[in-house]
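Each chain, written out:
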Amino acid sequence: MKRLLMILLLVAACHRVEPDSGDRFHDDYYYSDYPDHKVSLMACDDEYVVLFDTDYKEEVLDYIDKNGFTILLEPPRDLSYPNKDGFEIPEHLDELTQVFVMGQGDIDAIPHLVFSDNLYISGESGRHLYTTHRFYVKYYDEELQVDLNEDALRYAAELKITPVGISESGNSRWIQFVCTNESAGNPVELANWFCEEAGFS
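Residues numbered from 1 in each chain as written. Predicted model: local features only at pLDDT ≥ 70, side-chain atom pairs only at ≥ 80, totals over all residues. Heavy atoms only, no water.

Side note on the environment of S125
Selection criterion: Runs of E in the DSSP output that reach at least two residues are strands. Runs of H or I that reach at least four are helices, and both are numbered from the N terminus. Definition of a polar contact: a pair of N or O atoms within 3.5 Å, with one able to donate and the other able to accept a hydrogen when the atoms are protein atoms, and with sequence-neighbouring residues admitted only if both atoms are side-chain atoms.
Considering the arrangement of structural elements, one finds S125 in the loop between β6 (113-122) and β7 (128-129). Along the sequence, S125 and S40 sit 85 residues apart, while their C-alpha atoms lie 9.8 Å from each other. A distance of 3.2 Å separates a polar side-chain atom of S125 from the backbone nitrogen of R127.

Rendered as structure tokens:
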């Protein structure tokens, strides 16, 4: 079974940087263990993850079927982000359907589209990585006595990404963010940016 790529970032010291200050976004690699293990990525030119408003599922799936796309993994997956952990979820993210597709059609012409991005192939394993619209940033580490929650949320607003929940493991906490097509980059690019440019290492 193919695995979804989830990027977990570790926290060190933070320095101020503006996301729109000319810093470059990178999506040709990701860190499985920052900074020690960088894995190269290659974007698939005709394979995509697509998220759209669930209210229009029948219309969108019909469009996909009739416009040069094939669904890679069945069935489409419905997602919801209830308001929790103090985060207010925008209405356009409330109920989404996720589908992985392959084809030569115009991906941006899919109606009611919230997010789309190329899938990737790992340069390490040669396997497809079924990336989604989500990524995680570790903002608190008890051992390091570091809490960067406010910095993470400030960057989120500037990058046009939405915090949707908090996960805890041991002495650490992560914020889960979701991207849309309005975001400054895709999840791989933004996870790398938080790691390399914003000090969430």
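Moving on from the model shown.
Observations regarding unusual backbone geometry
Heads up, the condition is: The buried label applies to any residue whose accessible area, calculated with a 1.4 Å probe on protein chains only, is under 20% of its type's maximum; exposed applies above 50%, and partly exposed to all values in between.
With omega at -10°, the peptide bond leading from E74 into P75 counts as cis. Within the element layout of this structure, P75 appears in the loop between β3 (69-71) and β4 (77-80). One non-glycine residue, H112, lies in the positive phi region at around 60°. Considering the arrangement of structural elements, one finds H112 in the loop between β5 (95-103) and β6. Despite not being glycine, K160 has its phi angle at roughly 60°, a positive value. With respect to the helices and strands, K160 occurs in the loop between α2 (149-159) and β10 (162-169). Accessibility expressed as a relative area gives 54% for K160, which makes it exposed.

A short note on the nonpolar core
We count it as follows: Only buried residues count toward a nonpolar core. Its members are Ala, Val, Leu, Ile, Met, Phe, Trp, Tyr and Cys residues joined through side-chain atoms within 4.5 Å.
Grouped together as the largest cluster of nonpolar side chains are 35 residues, with contacts concentrated most on F135, I161, F177, F194 and F200. Elements represented by at least two residues in this core include exactly β2 (37-53), β5, β6, β8 (134-141), α2, β11 (172-178) and α3 (187-196). The next biggest cluster of nonpolar side chains, apart from the first, holds 10 residues, and it includes V50, V60, V99 and V101.

Quick look at the sheet that holds β11
Convention followed: Any two strands with at least two DSSP bridges between them are considered paired. The contact rule is simple, with two residues in contact once any of their heavy atoms fall within 4.5 Å. Axis definition: a line fit to C-alpha positions, over the contact stretch in the case of helices; interaxial angles, taken between N-to-C directions, run 0 to 180 degrees.
Read across the sheet, four strands follow the order β9-β8-β11-β10 without closing on themselves; strand pairing throughout is antiparallel. Among the strands making up the open sheet, the edge pair consists of β9 (146-147) and β10. Here two bridges tie β8 to β9, and the two strands are oriented antiparallel to one another. Among the inter-strand pairings, D141 is bridged to a residue of β9, identified as V146. Relative to β8, α3 is tilted by about 20°, and along the sheet it contacts β8 and β11.

Points about the pattern of salt bridges
For the record, the criterion: Salt bridge, as used here, is a side-chain nitrogen of Lys or Arg placed within 4 Å of a carboxyl oxygen of Asp or Glu.
Summed over all chains, the structure comprises four salt bridges. Two residues, K57 and D78, come together in a salt bridge whose shortest N-O distance is 2.9 Å. Residue K57 is located in helix α1 (residues 57-66), and its partner D78 is located in strand β4; the two are separated by 21 residues in the primary sequence. Taking the relative accessible area as the measure of exposure, K57 reaches 25% and is therefore partly exposed. Note that K66 and D62 form a salt bridge whose closest N and O atoms lie 3.3 Å from each other. Here K66 pairs with D62, and both are found in helix α1, just four residues apart, close to one helical turn.

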